[in-house]
Amino acid sequence: TFDCMDGKQARRTGSSSPLGQLFDHGMDCICNLSHLQLVQCIVLVPPRLLVLLQCSLQFTFWQAQWEEYYTGILPHATGEYCGVTEVNY
């Protein structure tokens, strides 16, 4: 839940910046990899499948950032009311 709160607080206080957003998204990317590694250790996914999963995860993450770069909008909701931060507040 703290992942979405830091950006909201930065925008509220006027201290948000493109560098902060880049850092936040970079940390999200690293956390995605560590979570996938944890799942691999628990479920014992074969190494080739793990590489495929990592590539697909990173590619979709990159696509979202690329879309935001060119459109200025990072879509993170399914419809008007069902977003990724729906249950956090």
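Above: the structure in question.
All figures in this text were calculated on a predicted structure; none of them were measured in a lab.

*Asks:* Would you mind going over a nonpolar patch on the surface with me for this structure?
*Replies:* Taken together, the side chains of Phe59, Trp62, Trp66, Tyr69 and Tyr70 make up a nonpolar region of the molecular surface, amounting to roughly 710 Å² of accessible area. Assessed through its relative accessible area of 58%, tyrosine 70 is described here as exposed.

*Asks:* Which parts of the structure should I look at to understand the packing of aromatic side chains?
*Replies:* How two aromatic rings sit relative to each other is set out by the distance from centre to centre and by the angle between their planes. Applying the stated rule across the entire model yields four aromatic pairs. Aromatic side chains phenylalanine 59 and tryptophan 62 sit 5.9 Å apart centroid to centroid with 25° between the ring planes, which places their arrangement in the stacked category. On the criterion of helical spacing, the pair formed by phenylalanine 59 and tryptophan 62 is a turn pair, its members being three residues apart in helix α3 (residues 47–71). Its relative accessible area of 48% is what places tryptophan 62 among the partly exposed residues. Between tryptophan 62 and tryptophan 66 the ring centres are 6.2 Å apart and the planes differ by 20°, which places this aromatic pair in the stacked class. Of this pair, tryptophan 62 and tryptophan 66 both sit in helix α3, separated by four residues, roughly a single helical turn.

*Asks:* Explain the side chain of glutamine 40 here, please?
*Replies:* Turning to its location among the elements, glutamine 40 is positioned in helix α2 (residues 18–43). Leaving out residues up to four positions away in the same chain, glutamine 40 has contacts with Val45 and Leu50.

*Asks:* How do you make sense of the layout of surface pockets when you look at a structure like this?
*Replies:* Leftover empty space is mapped by rolling, across the atoms, a probe with the size of a water molecule. For the second largest pocket, the calculated volume is near 180 Å³. In terms of lining, the second largest pocket is formed by Pro18, Gln21, Leu22, His25, Gly26, Phe61, Gln65, Glu68 and Tyr69. Among the elements that take part in the lining of the second largest pocket, α2 stands out by supplying five residues, more than any other.

What counts, and at which threshold
Residues numbered from 1 in each chain as written. Predicted model: local features only at pLDDT ≥ 70, side-chain atom pairs only at ≥ 80, totals over all residues. Heavy atoms only, no water. Patch = residues over 30% accessible without salt bridge, like charges linked within 9 Å, V, L, I, M, F, W, Y side chains within 5 Å. Areas by Shrake-Rupley, 256 points an atom, 1.4 Å probe, with all protein chains shown as cover. Salt bridge = Lys/Arg side-chain N within 4 Å of Asp/Glu carboxyl O. Buried < 20%, exposed > 50% of the residue type's maximum accessible area, 1.4 Å probe, protein only. Phe/Tyr/Trp six-rings, centres within 6.5 Å; stacked < 30°, edge-to-face > 60°. Helix = DSSP H or I, 4+ residues; strand = E, 2+ residues; numbered from the N terminus. Contact = heavy atoms within 4.5 Å. 1 Å grid on protein atoms, 1.4 Å probe; cavity = no way out; pocket = protein on both sides within 12 Å on 5 of 7 lines; lining within 4 Å. Points joined across faces, edges and corners; volume = space filled by probe spheres on them.

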